[in-house]
Amino acid sequence: MTTRFADKSVLVTGGGSGIGRAIALAFAREGARVAVAGRSAAPLAETVELIEQAGGKAVVLTGDVTKGEDAARLVREAVERFGGLDVAVNNAGVFGAAGPVADIDEAEWRWVFDVNVTGTLLAMKHQIGHMRAHGGGAIVNVSSNLGVHRRVRGAAAYLASKAAVTALTRTAALDHIAEGVRINTVSPGAVDTPMSSRPGENAADKSERMRSEVPVGRAGAVEEIAAAVLYLASDEAGYTVGSDLVLDGGSSA
Ligand code: NAP
């Protein structure tokens, strides 16, 4: 077992499910104390229980990243509970406003941007604010291969919001690297969570679609995304700044 994050304090947003839960578990396995954040307490508590069962340390922090006061409080509470904040992973995200551009619902478009773009901005704003005053840190944002790396029909809000996350990350990385805060993005393709399923699609149909659509022949595993996030957050990635690591089985190769 490696302990790259022994005694480090890590905040993971959207840690109650899917990719975020796998990221939280992976950090805890490598020695970190993990603050698992999201809006609903019950799934967050399940993640914490899984971490504690494996001998790790974690706490639930509830909050909505679209609200500046919540984003600030998440950082404050993580620092209070663990004595600092060394790493943050902004993984909370939503898919919505599906359909052709002319038919997009305005309120849904705004919700997707609110969570994916403004949520990432507000989270980073408060995380960086703490890290630059306390010796630095590392931030990894979870974007998507859809947007900058691949284009598909019928998902303009999601694509545009994730392209914005990648651009926001690059700018934030340049703004704050001299203050010791190193910021990068991961851009997964289809990962094995409900978000990558089509409406009404069962598991067999989905795996058949993945076989034909993804060059590697399958969806990504949540652990494969977590491994990349941990690398980018680790000291081994000290020369990696403002990068966007695509993990999509060759879909955008
Ligand atoms: P998921 O299970 O739906 O996870 C999203 C998480 O975000 C949930 O735990 C949700 O918890 C949290 N969240 C949503 N709105 C929030 C808000 N306003 N404030 C705080 N937390 C919020 O989906 P996933 O597949 O694991 O996706 C995780 C990330 O990976 C997302 O950013 C997604 O866009 C990205 N991604 C996924 C795929 C894929 O194929 N699955 C591919 C590329 C990128 P609450 O609802 O309780 O708040």
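### Points about the packing of aromatic side chains
Stage number 1. For the structure shown, the criterion picks out three aromatic pairs.
Stage number 2. Between Phe95 and Tyr158 the ring centres are 5.1 Å apart and the planes differ by 50°, which places this aromatic pair in the tilted class. Taken together, the positions of Phe95 in the loop between strand E4 (87-90) and helix H4 (106-133) and Tyr158 in helix H5 (residues 156-176) put the pair 63 residues apart, joining distant regions of the chain.
Stage number 3. Judged by centre distance (4.7 Å) and plane angle (20°), the rings of Trp109 and Phe113 are stacked.

### What about helix H3 (residues 68-82)?
Stage number 1. Helix length check: H3, at 15 residues, gives a terminal C-alpha distance of 21 Å against a target of 21 Å (1.5 Å per residue), a fit within 8%.
Stage number 2. Turning to H3, its buried residues are Asp70, Ala71, Ala72, Leu74, Val75, Ala78 and Phe82.
Stage number 3. Elements in contact with the buried residues of H3: strand E1 (9-13), strand E2 (33-38), strand E3 (57-62) and H4.
Stage number 4. Trailing H3 by a residue or two, Gly83 shows a phi angle of about 80°, which is positive.

### Digging into the site of the ligand
Stage number 1. In the region of the ligand, 28 residues are neighbours, and Ser17, Arg39, Ser40, Tyr158 and Thr193 sit closest.
Stage number 2. Between the ligand and Asp64 there is a distance of 2.8 Å, counted from a nitrogen atom to a side-chain nitrogen or oxygen.
Stage number 3. In the environment of the ligand, a nitrogen atom lies 3.0 Å from a nitrogen or oxygen atom belonging to the backbone of Val65.
Stage number 4. When the free accessible area of the ligand is taken as 870 Å², the share hidden by the protein chains comes to 89%.

### As for H4
Note that an α-helix has 3.6 residues per turn; residues three or four places apart therefore point the same way.
Stage number 1. Here H4 is 28 residues long and its end C-alpha atoms lie 39 Å apart, about the 40 Å a rise of 1.5 Å per residue gives.
Stage number 2. At Asp114, H4 shows its largest kink, close to 35°.
Stage number 3. Just downstream of H4, Gly135 is the residue with a positive phi angle, here 85°.

### Brief notes about the pairing of strand E5 (residues 137-142)
Stage number 1. With respect to burial, E5 is a largely interior element, six of its six residues being buried.
Stage number 2. Neither face of E5 is exposed, since Gly137, Ile139 and Asn141 on one face and Ala138, Val140 and Val142 on the opposite face are all buried.
Stage number 3. Relative to E5, E4 runs parallel, the two being bridged by four bridges. Bridge pairing in E5 links Val87 to Ala138.

Cut-off values and rules
- Residues numbered from 1 in each chain as written.
- Predicted model: local features only at pLDDT ≥ 70, side-chain atom pairs only at ≥ 80, totals over all residues.
- Heavy atoms only, no water.
- Phe/Tyr/Trp six-rings, centres within 6.5 Å; stacked < 30°, edge-to-face > 60°.
- Helix = DSSP H or I, 4+ residues; strand = E, 2+ residues; numbered from the N terminus.
- Expected span 1.5 Å × (residues − 1).
- Buried < 20%, exposed > 50% of the residue type's maximum accessible area, 1.4 Å probe, protein only.
- Contact = heavy atoms within 4.5 Å.
- Near = heavy atom within 4 Å.
- Polar contact = N/O pair within 3.5 Å; in protein donor to acceptor, adjacent residues only side chain to side chain.
- Areas by Shrake-Rupley, 256 points an atom, 1.4 Å probe, with all protein chains shown as cover.
- Bend = angle between axes of the 7 residues up to and from the residue.
- Pairing = 2+ DSSP bridges.

Coordinates in, geometry out; function isn't part of it.
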